[in-house]
Amino acid sequence: MSTTATRQRPARSVGHVMGMPISLALRGRHAADDAARAAWAAAMAELRRLDAVFSTHRADSVVSRLGRGELDLADCPPEVAEVLALGEAARRDSGGAFDVYRAGPDGRVVLDPSGVVKGWAAERAAGPPGRWPAPTSASPPAATSSAAPSTRPGRPGWSASRTPPTWAGCSPRCPCARGRWPPRVAPTAASTSSTRAPADRRPRWPR
Amino acid sequence: MTVVTASLTDADVDATAAYAQGPDAAAWLRTRPGRTALVVWSDGSTTPVRGPVWTARPWRG
């Protein structure tokens, strides 16, 4: 049995939006062609659009205006209600430990759905399976990941990734390496919340 | 606090919610269906967590 197939190094793209780096790793015949670049541009454009809706750092964002009472939820894009519903479900499930409404510096209640938005937006930008160029070769299409270390010491750090099942592998014996795609494995996502590690203990950017 | 599940939205929200619960994080994650998690405590010790198996459509035999 031939084991000459080698692991392809992924083609990586990195962008910056929502105060965090977003990276994309693609493998396969179309990992670095025009279709892949177009898909990456579409994903980043989607994230920038969502940032304009959800940013709590922009006074003119939809969420900032909603929080100040200048807008009704009915006047907001439908994504806002979706995110608030996710936040409410998390508040209920966690007994109130997670809440998109928090006390601001002046003691008033502030709407801050960032805890929902970043992971949700990354998943949304990763999009349906068809967003990335379909492999005509025997390789899986895409992996996306994002990481957002907090810039404020003592604040929770954050990183999240969404990968197709063959992110780590695609060994020569993987079903997709033999031209069968997709493999019958559920997609997996991982997210880490933590305090920010000291600079000398921070993980290096994957290469 | 690392949470693994099928949806990134769910993984991210649960990691944040568990983190916010401090010492109760592992116990809470154990109640979350379909989640696998690893809690690294501030003293460096770890607790692996496997939530209940996720049955999207409960089987009614």
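Cut-offs used in this document
Residues numbered from 1 in each chain as written. Chains lettered and ligands numbered in written order. Predicted model: local features only at pLDDT ≥ 70, side-chain atom pairs only at ≥ 80, totals over all residues. Heavy atoms only, no water. Helix = DSSP H or I, 4+ residues; strand = E, 2+ residues; numbered from the N terminus. Buried < 20%, exposed > 50% of the residue type's maximum accessible area, 1.4 Å probe, protein only. Areas by Shrake-Rupley, 256 points an atom, 1.4 Å probe, with all protein chains shown as cover. Contact = heavy atoms within 4.5 Å. Buried area = accessible area lost by both parts, 1.4 Å probe. Salt bridge = Lys/Arg side-chain N within 4 Å of Asp/Glu carboxyl O. Polar contact = N/O pair within 3.5 Å; in protein donor to acceptor, adjacent residues only side chain to side chain. Expected span 1.5 Å × (residues − 1). Axes fitted to C-alpha atoms, helices over the stretch in contact; angles between N-to-C directions. Parallel < 35°, antiparallel > 145°, perpendicular 65-115°, else oblique. Nonpolar A, V, L, I, M, F, W, Y, C, P; charged D, E, K, R; others polar. Pairing = 2+ DSSP bridges.

Asks: Would you take a moment to explain the overall build of chain A for this structure?
Replies: In terms of helices and strands, chain A carries four helices and seven strands. When its helices and strands are written in sequence order, chain A yields β-β-α-α-α-β-β-α-β-β-β. Sorting the 207 residues of chain A into buried and exposed places 39% on the buried side. When the accessible surface of chain A is split by element, carbon and sulfur atoms take 53% of a total near 11700 Å².

Asks: Just to check I follow, could you spell out the interface of chain B and chain A for this structure?
Replies: Reports of interface size often rely on the accessible area that becomes lost once the parts have come together. At the interface, 20 residues of chain B touch 27 residues of chain A. Between chain B and chain A lies a buried interface of about 1800 Å² when both sides are counted; carbon and sulfur atoms form 58% of it. The largest share of the area that chain B buries against chain A comes from Leu8(B), Asp12(B) and Tyr19(B), three residues that together contribute 35% of it. For the pair chain B and chain A, the number of links is one salt bridge. Counting every contact that joins chain B to chain A gives 11 residue pairs in polar contact (both at pLDDT 80 or more). Listed by contribution, the elements that provide at least two residues to the side of chain B that touches chain A are strand 1 (2-5) and helix 1 (8-20) of chain B.

Asks: Could you clarify how one ought to interpret helix 1 (residues 34-54) of chain A in this entry?
Replies: An α-helical turn contains 3.6 residues, so a residue and the one three or four places further along point in the same direction. All names here are of chain A. For helix 1, with 21 residues, the first-to-last C-alpha span of 30 Å sits near the 30 Å given by 1.5 Å per residue. Of all the residues in helix 1, the buried ones are Ala36, Ala39, Trp40, Ala43, Met44, Glu46, Leu47, Leu50, Asp51, Val53 and Phe54. Buried residues in helix 1 make contact with strand 1 (11-17), strand 2 (20-26), helix 2 (62-67), helix 3 (78-93) and helix 4 (114-126). Of the residues flanking the start of helix 1, the one acting as N-cap is Asp33, its side-chain oxygen 3.2 Å from the backbone nitrogen of Ala35.

Asks: Is there a simple way to explain the packing of helix 1 of chain A against helix 3 of chain A in this structure?
Replies: Two packed helices can be described by the angle between their axes and the distance between those axes. Residues and elements named next belong to chain A. Where helix 1 meets helix 3, the closest approach of the two axes is 11 Å, and the angle between their N-to-C directions is 75°. Compared by their axis directions, helix 1 and helix 3 come out roughly perpendicular. Of helix 3, the residues touching helix 1 (which contributes Arg49, Leu50, Val53 and Phe54) are Glu79, Val80 and Val83. Across the contact of helix 1 with helix 3, the residue classes break down as five nonpolar, no polar and two charged.

Asks: Looking at this model, I keep getting lost on the pairing of strand 2 of chain A. Mind explaining?
Replies: On any regular strand, side chains alternate: one points to one face of the sheet, the next to the other face. Residue and element names in this part refer to chain A. For strand 2, the tally of buried residues reaches seven of seven residues, placing the bulk of the element in the interior. The alternating pattern of strand 2 places Met20, Ile22, Leu24 and Leu26 and Pro21, Ser23 and Ala25 on opposite faces, both of which are buried. As judged from the seven bridges shared by strand 1 and strand 2, these two strands associate in the antiparallel manner. When the sheet's bridge partners are listed, Arg12 is paired in strand 2 with Ala25. Between the antiparallel neighbours strand 1 and strand 2 lie two residues, among them Met18 with a positive phi of about 60°.

Asks: Is there a simple way to think about the pairing of strand 2 (residues 36-40) of chain B in this case?
Replies: All names here are of chain B. Here strand 2 shows a clear split, with Ala37 and Val39 buried on one side and none of Thr36, Leu38 and Val40 buried on the other. Relative to strand 2, strand 1 is paired through three bridges, and the arrangement is antiparallel. Within the sheet, the bridge partner assigned to Thr2 lies in strand 2 and is Leu38. In terms of strand pairing, strand 2 meets strand 3 (residues 46-50) through five bridges, oriented antiparallel.

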